[in-house]
Amino acid sequence: MTKQELQFFNGKRILVTGHTGFKGSWLCRILHLAGAKVTGYSLAPEKEALYPLAAAGAEADGGLTSVIADIRDYDRLLQVMQETQPELVLHMAAQPIVRTSYEKPRYTYETNVMGTVNLCEAIRQTTSVRSFLNVTTDKVYKNEERGEAFREEEPLDGFDPYSNSKSCSELVTHSYVNSFFRETGIAVSTARAGNVIGGGDFARDRIVPDSVRAAMAGESIKVRNPYSIRPYQHVLEPLFMYLTILRAQALDPEVAGAYNIGPEDADCVTTGELVTSFCRAWNAAKSAEEPELIWENVGNVGPHEANFLKLDCSLARKTFGWKPVWNIDRALEETVVWSRVYMESGNIEEEMNREIEAFLS
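Here the residue index of a chain counts from 1 through its sequence in written order. Thresholds applied to this predicted model are a pLDDT of at least 70 for local features of residues and 80 or more for the giving and counting of side-chain atom pairs; totals over whole chains, interfaces and linings are not thresholded and use all residues. Side-chain measures were taken over the full set of non-hydrogen atoms in the model, leaving aside hydrogen atoms and water.

S.K.: Looking at this structure, how should I read the overall build of the protein chain?
M.R.: The numbering of helices and of strands both runs from the N terminus, where a helix is a DSSP run of H or I of at least 4 residues and a strand a run of E of at least 2. Looking only at helices and strands, the protein chain has 14 helices and 13 strands in total. The C-alpha radius of gyration computed for the protein chain amounts to 19 Å, which stays within 12% of the reference 21 Å derived for 361 residues, consistent with globular compactness. Projected onto its principal axes, the C-alpha positions of the protein chain cover 60 × 50 × 40 Å. Here the protein chain holds 361 residues, and 57% of them are scored as buried. Any two residues whose heavy atoms approach within 4.5 Å are treated as being in contact. Restricting to contacts in the protein chain with at least 6 residues of sequence separation, those with at least 24 account for 81%. Residue-level accessible areas treat just the shown protein chains as cover; the underlying method is Shrake-Rupley with a 1.4 Å probe. For the protein chain, the accessible surface area stands at approximately 15,100 Å², while carbon and sulfur atoms represent 49% of it. Neither His nor the chain ends contribute to the count of charged residues, in which Lys and Arg are positive and Asp and Glu negative. Charge placement uses NZ in Lys and CZ in Arg. For Asp and Glu, CG and CD serve respectively. Charged side chains of the protein chain number 37 positive and 50 negative; the gap between the two group centres comes to 2 Å. All radius of gyration figures rest on C-alpha atoms, and the globule criterion is 2.2 Å times the number of residues raised to 0.38. Only protein chains enter the accessibility calculation, which uses a 1.4 Å probe. A residue is then buried if its area is under 20% of the maximum for its type, exposed if over 50%, and partly exposed in between.

Written out as structure tokens, the structure is:
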């Protein structure tokens, strides 16, 4: 997305669910810089979270209205939708952690499936909406470990409760398109992104946040499965693609559909390769007094997770002329820079603005 295309969002009324999460916080920062009128709908941020660091300026000057509420609460969601009359809706509210979905499967399905039902129904009842994007995951596909990249037309059947609930979320969205939205002229897409990394992700059981925590504590990084392959990308990659889709289908509903969003093939790396690169980036930036950062393999402990995930993104390339901007090394370098600004109690909003400007340039 170019700076000129980003100006499409200036003055637009946008509802973002999940705005207090990692992706949502970065998205709110982008939309604030673009001059959008954002209403966020989400649970309160975690005790340690990016949102309070990223959104203070946007809330202070009225560019962002934060509604703390549950996506499972349909009545409250409908009230917010009808009060704010959004033109564009971007859905990211979710229980997003695979391991948590094994611990809390019912909550995961309630949030990820019925949350999507609630939002689709609220959109159906709100005549202002022109464009809607539901963000899911690369894990929606039926994964038979064939070692091949997934294409959008392949079957949806995620294995674990998180992945499966996101498959269901896609099916719910498709049903609403067929039954209601196509007839009423609302353009709808789903976006299936790979693993995202970047500054400000404090989630548990994610490899880069775990690596940052270990580095800050002066400990070695514990890696559960260094041989699993994932499509890693900087968080700004999918976010700008989400905005590209949201804008494009508002202008031309014919481009609405399901899209994979992932990195170049060279950036689909094993977890061990990722952590090795992270250690290299961290050690290049550390002070002489800090210990050398290393990682260790602690074995494949915990519940089932796919060994191989890779996306075929040719449809997004063909439709939007899109290609990734930052490779995995640049993404890790920017993550280290952000993390060290955070360690030193620096200005997080300024650092995020710098990264967004660098990405757009």
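Here the narrative resumes, following the displayed structure.
S.K.: Would you take a moment to explain helix α5 (residues 74–84) for this structure?
M.R.: The periodicity of an α-helix, 3.6 residues per turn, causes residues three or four positions apart to be oriented the same way. Here α5 has its buried residues at Leu77, Leu78, Val80 and Met81. For α5, the arc enclosing every buried residue in end-on projection is 160°, short of the 170-degree limit, so these residues lie on one face. Facing away from the buried side of α5 by more than 90 degrees, the exposed set consists of Asp75 and Glu83. Residues of α5 that are buried make contact with β1 (13–17), β2 (37–42), β3 (64–68), β4 (88–91) and α7 (105–124). The arc in question is formed by the directions pointing from the helix axis toward the C-beta atoms.

S.K.: Just checking my understanding: could you explain the nonpolar core for this structure?
M.R.: For soluble globular proteins, the rule of thumb is that nonpolar side chains tend to be buried together. In terms of nonpolar packing, the biggest core is built from 60 residues, with Phe9, Trp26, Leu31, Leu90, Tyr242 and Phe320 touching the most fellow members. With 10 residues, helix α10 (residues 236–251) is the single largest residue contributor to this core. Leaving out residues up to four positions away in the same chain, Phe320 has contacts with Met241, Thr244, Ile245, Ala248, Val255 and Tyr259. In terms of nonpolar packing, the next biggest core, distinct from the first, is built from 24 residues, Ile71, Leu78, Ala93 and Leu119 among them. For the purposes of this section, nonpolar cores are sets of buried Ala, Val, Leu, Ile, Met, Phe, Trp, Tyr and Cys residues that join through side-chain atoms within 4.5 Å.

S.K.: Help me out: how do you make sense of the layout of surface pockets in this one?
M.R.: Where empty space is left becomes clear once a probe the size of a water molecule has been rolled over the atoms. Space inside and on the surface of the protein is sampled on a 1 Å grid over the protein atoms alone, with a cavity defined as a set of points where a 1.4 Å probe fits but cannot get out and a pocket as an open set with protein on both sides within 12 Å along at least 5 of 7 lines; lining residues have an atom within 4 Å of a point. Grid points are joined across faces, edges and corners, and a volume is the space filled by probe spheres set on the points. In this structure, the second largest pocket occupies an estimated 280 Å³ of space. Residue lining of the second largest pocket: 15 residues in total, with Met1, Glu5, Thr244, Gly321 and Trp322 positioned closest to the centre. Sorting the residues of the lining of the second largest pocket by element identifies α10 and α14 (348–360) as the ones contributing at least two each. Per-element tally for the lining of the second largest pocket: the top contributor is α10, with six residues.

S.K.: Please clarify how the sheet that holds β2 should be interpreted in this entry.
M.R.: Backbone-to-backbone hydrogen bonds pair the strands of a sheet. The strands run either parallel or antiparallel. Paired strands, in this sense, are two strands between which DSSP finds at least two bridges. Taken in spatial order, the seven strands line up as β3-β2-β1-β4-β5-β6-β11 in an open sheet, and their pairing is parallel. Strands at the two margins of the open sheet, each flanked by one partner only, are β3 and β11 (258–261). With direction set aside, neighbouring strand axes in the sheet form an average angle of 20°. Of the strand pairs in this sheet, strand β6 (residues 187–193) and β11 are connected by four bridges, and their pairing is parallel. Fitted lines through C-alpha atoms give the axes, limited to the stretch in contact for helices. The angle between two N-to-C directions lies from 0 to 180 degrees.

S.K.: Help me out: how do you make sense of the packing of α7 against helix α8 (residues 161–184) in this one?
M.R.: When two helices pack together, their arrangement is given by the angle between the helix axes and by the axis-to-axis distance. At a minimum axis separation of 9 Å, α7 and α8 run at an interaxial angle of 15°. Judged on the interaxial angle alone, α8 and α7 are roughly parallel. α7 and α8 meet at a crossing whose hand is right-handed. Together, Pro105, Thr108, Tyr109, Asn112, Val113, Thr116, Val117, Cys120, Glu121, Ile123 and Arg124 of α7 and Pro161, Tyr162, Asn164, Ser165, Cys168, Ser169, Val172, Thr173, Tyr176, Phe180 and Phe181 of α8 make up the contact between the two elements. Just so you know the grouping, Ala, Val, Leu, Ile, Met, Phe, Trp, Tyr, Cys and Pro go in nonpolar, Asp, Glu, Lys and Arg go in charged, and all remaining residues, Gly too, go in polar. Grouping the amino acids of the contact of α7 with α8 by side-chain chemistry returns 13 nonpolar, seven polar and two charged. Any angle that falls under 35 degrees is termed roughly parallel, while one over 145 is termed roughly antiparallel, one within 65 to 115 roughly perpendicular, and all others oblique. Definitions for this section: a left-handed crossing has its near helix turned counterclockwise from the far helix by less than a right angle. A right-handed crossing has that turn clockwise.

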